[in-house]
Amino acid sequence: MYIIVEDDPSVADALESLLSGAGLPVRVFASAEEFIHSSSLTSEDTMIVDLGLPGMSGGELVRHLEKAGATPKVIAISGKSSRTIARETEGLSDLKILRKPPAADWLEAITA
Amino acid sequence: MGELEDRRTAVSEARFESLLDTAADGVIVIDETGRMLVFNKICERLFGYSSAEAIGQNVSLIMPPEFSVSHDRFMNNYHRTGEKRIIGIGREVSGMHRDGSVFPLELSVGEAKTADGRQYIGVLRDLRSRRAVEQRVSQLQAQVVHMTRLSAMDEMGAAMAHELNQPLTALLLYLQAVARQIKTCFADNKPPSDKMLGVLDKAVQEAERASHIVQRMRQMVEKRDPERATIDLREVVNEALDLSEFVAQGATVTIRRVFGMTPIHVDADATQIQQIILNLLRNALEVAKESEERWVKVSIGADDRSAFVSVTDSGPGFSEDVSKSLFKTFSTTKKSGMGLGLAISRAIAQNHGGDLMADPGGNGQGATFTLMLPMHHLDETEDDTWG
Ligand SMILES: Nc1ncnc2c1ncn2[C@@H]1O[C@H](COP(=O)(O)OP(=O)(O)O)[C@@H](O)[C@H]1O
Ligand SMILES: [Mg+2]
């Protein structure tokens, strides 16, 4: 399952179109809290998370999941500067980062 | 007899000297050729030369270069015609310190006919402190307006980049989705589905969302009708420089003002012109700060048709690469730059029928940015209302 956590509805919808258009199973959440309350992860899942979420940030969500022992494949997306991204993802291992706006095909990057 | 006279002269000279040195104002005496004969203590402090260094030199030593030319002309003119431009009148002039910094002075001139020919006595009062107080009072209000506008511009830039990012991301992802599906359709020999049209529609919406953001910004810069008035460019620029000096209190970069004596009238929105100057100044100060000489020069000039304000700095200039994209929005070489200053400044200048030009400098020369504005012209209808 591909799990999208993104607060901007257009970006979330576009990402969903891209993934489901390729026949992949997708679920969308608008916030970290919404995801935590209604779902959990298996090791087969891939999570695509916006770093700049309102409330619990993307970085905190990933940290929260790591603490809970669930370490799915995580792809972080962000429109911020590389310095800000580095700060927000400090201490997180093995994180792929995609920057907004996309400079290349995101489906390939996500499924690679 | 003669001895007594000599002694009297000596006494009165000594008294004169001590009087000069306790004077609160700068005192300079020059002869007909402009040579300095007296240069008191206050002058030493004002201009950074000792009296021994100054005496015997031409008074142009302590004037900005463009003044010294007209000074010679004024003196010649006065000798020829007797027409008084300054004697007995007093006026505000610019002085130049040894370090090259230029500052405002109030100058009163008296004339004395001596056995050695005509001499002129100049009394100089430093206007910086008086000006500073006046400015603080009268400009605090203006500052608030300026600063909020400026920071609004910076914030707007940051917010805009962020806002544009979302629709652009969505737009590109929708297009990637459609492109993939069309490819699959071709591969499977199937016609494209309605769904794809739906995705394309959404892509268009996102493009529109992006263009609305750009339009909103453009409205702030261009569409707002400038509040035009006939203004003296020197005053408006002066105010902007004072403002930035006030804001950058304690900064170590010297701002040299090279202004002429005559008003330069243009039809413009003073606040917008100040915005341009502040943008240019901000860029210049940033590079000058890192340079060895640490100065920024702002000069104003005009020909029959156009008025110019040039901002030059002691920085390194910029490369050809940079010059290609200099005026484009979001082109910046700075870590925290927005790349909006020059783009917005040029838009404002062109909106006034003028332009903003850049000389890259290099090889030890700093960059020069020149704002050009059309000169104010009295047209006939205006003549009527005057007549
Ligand atoms: N005085 C200057 N000397 C050298 N380079 C300059 C100067 N002024 C501007 N530039 C160059 O032009 C670029 C664009 O300037 P600007 O539009 O004001 O945006 P910003 O200051 O946010 O970078 C700067 O990043 C810098 O590379
Ligand atoms: Mg700038």
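Going by the structure above, here's the rest.
Quick notes on the rules
Residues numbered from 1 in each chain as written. Chains lettered and ligands numbered in written order. Predicted model: local features only at pLDDT ≥ 70, side-chain atom pairs only at ≥ 80, totals over all residues. Heavy atoms only, no water. Helix = DSSP H or I, 4+ residues; strand = E, 2+ residues; numbered from the N terminus. Buried < 20%, exposed > 50% of the residue type's maximum accessible area, 1.4 Å probe, protein only. Areas by Shrake-Rupley, 256 points an atom, 1.4 Å probe, with all protein chains shown as cover. Arc of directions from axis to C-beta. Contact = heavy atoms within 4.5 Å. Near = heavy atom within 4 Å. Polar contact = N/O pair within 3.5 Å; in protein donor to acceptor, adjacent residues only side chain to side chain. Buried area = accessible area lost by both parts, 1.4 Å probe. Salt bridge = Lys/Arg side-chain N within 4 Å of Asp/Glu carboxyl O. Nonpolar A, V, L, I, M, F, W, Y, C, P; charged D, E, K, R; others polar. Phe/Tyr/Trp six-rings, centres within 6.5 Å; stacked < 30°, edge-to-face > 60°. Pairing = 2+ DSSP bridges. Axes fitted to C-alpha atoms, helices over the stretch in contact; angles between N-to-C directions.

Draft legend 1. Highlighting the overall build of chain A. When helices and strands are counted, chain A shows five helices and five strands. From first element to last, N terminus to C terminus, chain A shows the α and β order β-α-β-α-β-α-β-α-β-α. By the burial criterion, 47% of the 112 residues in chain A qualify as buried. As displayed, chain A has an accessible area near 5,300 Å², and 50% of this comes from carbon and sulfur atoms.

Draft legend 2. Structural view of helix α3 (residues 58–67) of chain A. Residue and element names in this part refer to chain A. When α3 is considered as a whole, its buried residues turn out to be G58, G59, L61, V62 and L65. Buried residues of α3 fall within an arc of 160 degrees about the axis and therefore sit on the same side. Where the residues of α3 are buried, they touch β1 (2–5), α2 (32–38), β3 (46–50), β4 (73–78) and α4 (82–88).

Draft legend 3. Molecular detail of the site of ligand 1. Residues and elements named next belong to chain B. Neighbouring residues of ligand 1: 20 residues in total, closest D313, T332, T333, K334 and G339. The backbone of G341 places a nitrogen or oxygen atom 3.4 Å from an oxygen atom of ligand 1. Coverage of ligand 1 by the protein amounts to 92% of the 540 Å² it exposes when considered alone. Elements supplying a minimum of two residues to the shell around ligand 1: α8 (270–289) and α10 (341–351). If you tally residues by element for the shell around ligand 1, the top one is α8, at three residues.

Draft legend 4. A look at the side chain of N165(B). Note that N165(B) resides in helix α5 (residues 128–188). Overall, the relative accessible area of 10% leaves N165(B) in the buried class. Setting aside anything within four residues of it in sequence, one finds N165(B) in contact with G79(A), K100(A) and P101(A).

Draft legend 5. Representation of the interface of chain A and chain B in the model. Between chain A and chain B, the contact holds 19 residues from the first and 17 residues from the second. For the pair chain A and chain B, the summed buried surface comes to about 1,600 Å²; carbon and sulfur atoms form 54% of the total. Our enumeration of links across chain A and chain B arrives at four salt bridges. D13(A) serves as the salt-bridge partner of K202(B), at 2.7 Å between the closest nitrogen and oxygen. Applying the counting criterion to the chain A and chain B interface returns 11 residue pairs in polar contact (both at pLDDT 80 or more). Those elements that provide at least two residues to the side of chain A that touches chain B are α1 (9–21) and α5 (106–111) of chain A. At eight residues, α1(A) tops the list of elements feeding residues into the side of chain A that touches chain B. Of the residues that constitute the side of chain A that touches chain B, the class distribution is nine nonpolar, four polar and six charged.

Draft legend 6. Representation of the packing of aromatic side chains in the model. Residues and elements named next belong to chain A. On inspection of all chains with the given rule, the structure shows five aromatic pairs over all chains. Taking 5.2 Å as the distance between ring centres and 80 degrees as the angle between the ring planes, the aromatic pair formed by F29 and F35 counts as edge-to-face. Its relative accessible area of 2% is what places F29 among the buried residues. According to the relative accessible area criterion, F35 is buried, its value standing at 1%.

Draft legend 7. Highlighting the environment of L197(B). Residues and elements named next belong to chain B. By the secondary structure assignment, L197 is in helix α6 (residues 194–223). Here L197 falls in the exposed class, since its relative accessible area comes to 57%. The spacing of L197 and V178 is 19 residues in sequence and 8.5 Å in space, taken between C-alpha atoms.

Draft legend 8. Quick peek at the sheet that holds strand β4 (residues 102–114) of chain B. Residue and element names in this part refer to chain B. Strand order in the open sheet formed by five strands is β2-β1-β5-β4-β3, with antiparallel pairing between adjacent strands. The open sheet has two free edges, formed respectively by β2 (36–39) and β3 (91–96), since each of these has just one partner strand. In this sheet, neighbouring strand axes are inclined to one another by 35 degrees on average, regardless of whether the strands run parallel or antiparallel. Where β3 lies against β4, six bridges are found, and the strand directions are antiparallel. Paired with S94 across the two strands is P104, which belongs to β4. Its contacts with the sheet place helix α4 (residues 65–81) against β1 (26–31), β3, β4 and β5 (117–126), and it is angled at close to 140 degrees to β5.

Draft legend 9. Region of the structure containing the sheet that holds strand β2 (residues 26–29) of chain A. Residue and element names in this part refer to chain A. One open sheet holds the five strands; their spatial order is β2-β1-β3-β4-β5, and the pairing between them is parallel. With partners counted over all chains shown, the strands left at the sheet margins are β2 and β5 (96–99), one partner each. Between one strand and the next, the sheet's axes are offset by a mean angle of 20 degrees, whatever the strand orientation. Against the sheet, α3 touches β1, β3 and β4, its axis set at about 150 degrees to β3.

Draft legend 10. Spotlight on the pattern of salt bridges. As enumerated under the stated definition, the model contains 18 salt bridges over all chains in all. Between E32(B) and R118(B) there is a salt bridge; the shortest N-O distance is 3.7 Å. Pair noted here: E32(B) is in the loop between β1 and β2 and R118(B) is in strand β5, with a separation of 86 residues, a long-range link. Relative accessible area serves as the criterion here: at 34%, E32(B) is assigned to the partly exposed category. The partner of K324(B) in a salt bridge is D321(B), and the shortest N-O contact between them spans 3.8 Å. You can see K324(B) and its partner D321(B) sitting in helix α9 (residues 320–325), three residues apart, about one turn around the helix. Residues K324(B) and D321(B) agree in their burial class; the two are exposed. Taken together, the shared-partner salt bridges connect E6(A), D50(A) and K100(A) into one network.

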